[in-house]
Amino acid sequence: MGNWVAREDYEWVYTDQPHADRRKAILAKYPEIKSLMGPDPRLKWIVCMMVVIQFLAFYLVKDLDWKWVLFWTYAFGSCINHSMTLAIHEISHNAAFGNNKAMRNRYFAMFANLPIGLPYSASFKRYHLDHHRYLGGDGVDVDIPTEFEGWFFCTRFRKFIWIILQPLFYAVRPLCINPKPITQLEVTNLAIQLTFNILLYWVWGAKPVVYMLAGSLLGMGLHPISGHFIAEHYMFLKGHETYSYYGSLNLLTFNVGYHNEHHDFPSIPGRRLPMVKEIAAEYYDELPQYTSWMKVLYDFIMDDALSPYSRVKRKLKGDIKQE
């Protein structure tokens, strides 16, 4: 567990990300893919159902013994809350109400944020769109670990701890890499979330609050679903910076595993991404892919060639227009 990782720097490249060129080639050959773009009318109802389920769970855990609160937090709450973060990911691409109703999407994301407990939906959109536009961009893409993460988490044991602490690093990383002025939407998100958290404690006590917050932190740490954090862009094979996952957990995660397809066509909702792969199969079948996020986590920890430095990074040129 004390083996040191060989990498001492990111994988620096001097080429553009591959997604724009592949999108152009696919649309030239299969223009019908454009019909898949646009909002998913089912998404808002699925999100509402998930919020109601978590509200019911808040009510049910309030009278349980603490051991059962913690059990259900990891066994159920963490799955729902991680899934809800990926619903917010969908909403950040305006998949709930479409591009013409952008503000409706923003406030609906705040509604979806309620059972998570941590006010992040407004900030997530700002940084996530930069991640798409400037994938691997030095000083812009905050999905890439900091120099400290790459330097310190360089043994198997430290990588294990790093995975547990993923929520912390995702929260702190933007402040270190690409701090932005606070917007009114972020203030609103914070105010709504804090008000909800206080009301939840006042009405049903501490146990639902612990279930909510611990579920979010555990679900984004050492958890099977959190394998997607590593699977999406960590360079398991030299020359490949985005990977898709085609396993059953896509059913709980709005098909976020279809990640090459998503970066090629971010305006296509997750529910329709399998259709992209089906139509343009020759562009995706030969790309490296996964069928197990659990195995991704295990391989990342145990492979001494992999570390937080295992990311493709590029210097950006020209005008950089951030959110």
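The model shown is predicted, which means the values in this text are computed figures rather than measured ones.

Chemist: Teacher, can you tell me more about the packing of helix 5 (residues 121–133) against helix 9 (residues 184–204) here?
Modeler: Between two packed helices, the angle of one axis relative to the other and the distance separating the axes together describe the packing. With their axes 7 Å apart at the nearest point, helix 5 and helix 9 run at an angle of 145° to one another. On the side of helix 5, the interface is formed by Ser121, Ala122, Ser123 and Arg126, while helix 9 contributes Leu185, Glu186 and Asn189. Here the residues of the contact of helix 5 with helix 9 are counted per class, giving two nonpolar, three polar and two charged.

Chemist: Is there a simple way to think about helix 1 (residues 19–29) in this case?
Modeler: An α-helix turns once every 3.6 residues. As a result, residues three or four positions apart point the same way. Every buried residue of helix 1 is listed here: His19, Arg22, Ile26 and Leu27. Projected down its long axis, helix 1 carries its buried residues within an arc of 130°, all on one side. When the buried face of helix 1 is taken as reference, the exposed residues oriented beyond 90 degrees from it are Asp21, Lys24 and Ala28. Looking at the buried side of helix 1, the elements it contacts are helix 12 (259–264) and helix 14 (281–284).

Chemist: How should I be thinking about a nonpolar patch on the surface in this particular structure?
Modeler: On the surface, a cluster of nonpolar side chains totalling about 630 Å² of accessible area is made up of Ile46, Met49, Ile53, Trp68, Phe71, Trp72 and Phe76. Those elements that provide at least two residues to the nonpolar patch are helix 2 (43–61) and helix 3 (66–92). Per-element tally for the nonpolar patch: the top contributor is helix 3, with four residues. Looking at the secondary structure, you find Phe71 in helix 3. Phe71 sits in the partly exposed class, given a relative accessible area of 40%.

Chemist: Is there a simple way to think about the side chain of His228 in this case?
Modeler: Along the chain, His228 falls in helix 11 (residues 227–233). Residue His228 is classed as buried on the basis of its relative accessible area, which comes to 3%. Here the side chain of His228 touches His82 through a polar contact of 2.9 Å, side chain to side chain. Looking at His228, its side chain comes within polar contact range of the side chain of Glu232, at 2.6 Å. Not counting residues up to four positions away in its chain, the partners in contact with His228 are His82, Leu86, Val256 and Trp293.

Chemist: Explain the packing of aromatic side chains to me, please; I cannot follow it from the model alone.
Modeler: Each aromatic ring pair is specified by the distance between its two centres and by the angle formed by the two planes. Tallied over the entire structure, the rule returns 26 aromatic pairs. Residues Phe58 and Phe196 carry aromatic rings whose centres are separated by 6.4 Å and whose planes lie at 50° to one another, so their mutual orientation is tilted. Taken together, the residues Phe58 in helix 2 and Phe196 in helix 9 connect sequence positions 138 residues apart. Overall, the relative accessible area of 1% leaves Phe58 in the buried class. Ring centres 6.0 Å apart and planes at 75° place the aromatic pair Trp162 and Tyr234 in the edge-to-face group. Of this pair, Trp162 sits in helix 7 (residues 156–164) while Tyr234 is found in the loop between helix 11 and strand 2 (244–245), placing the two residues 72 residues apart along the sequence. The exposure classification of Trp162 matches that of Tyr234, with both residues buried.

About the thresholds
Residues numbered from 1 in each chain as written. Predicted model: local features only at pLDDT ≥ 70, side-chain atom pairs only at ≥ 80, totals over all residues. Heavy atoms only, no water. Axes fitted to C-alpha atoms, helices over the stretch in contact; angles between N-to-C directions. Helix = DSSP H or I, 4+ residues; strand = E, 2+ residues; numbered from the N terminus. Contact = heavy atoms within 4.5 Å. Nonpolar A, V, L, I, M, F, W, Y, C, P; charged D, E, K, R; others polar. Buried < 20%, exposed > 50% of the residue type's maximum accessible area, 1.4 Å probe, protein only. Arc of directions from axis to C-beta. Patch = residues over 30% accessible without salt bridge, like charges linked within 9 Å, V, L, I, M, F, W, Y side chains within 5 Å. Areas by Shrake-Rupley, 256 points an atom, 1.4 Å probe, with all protein chains shown as cover. Salt bridge = Lys/Arg side-chain N within 4 Å of Asp/Glu carboxyl O. Polar contact = N/O pair within 3.5 Å; in protein donor to acceptor, adjacent residues only side chain to side chain. Phe/Tyr/Trp six-rings, centres within 6.5 Å; stacked < 30°, edge-to-face > 60°.

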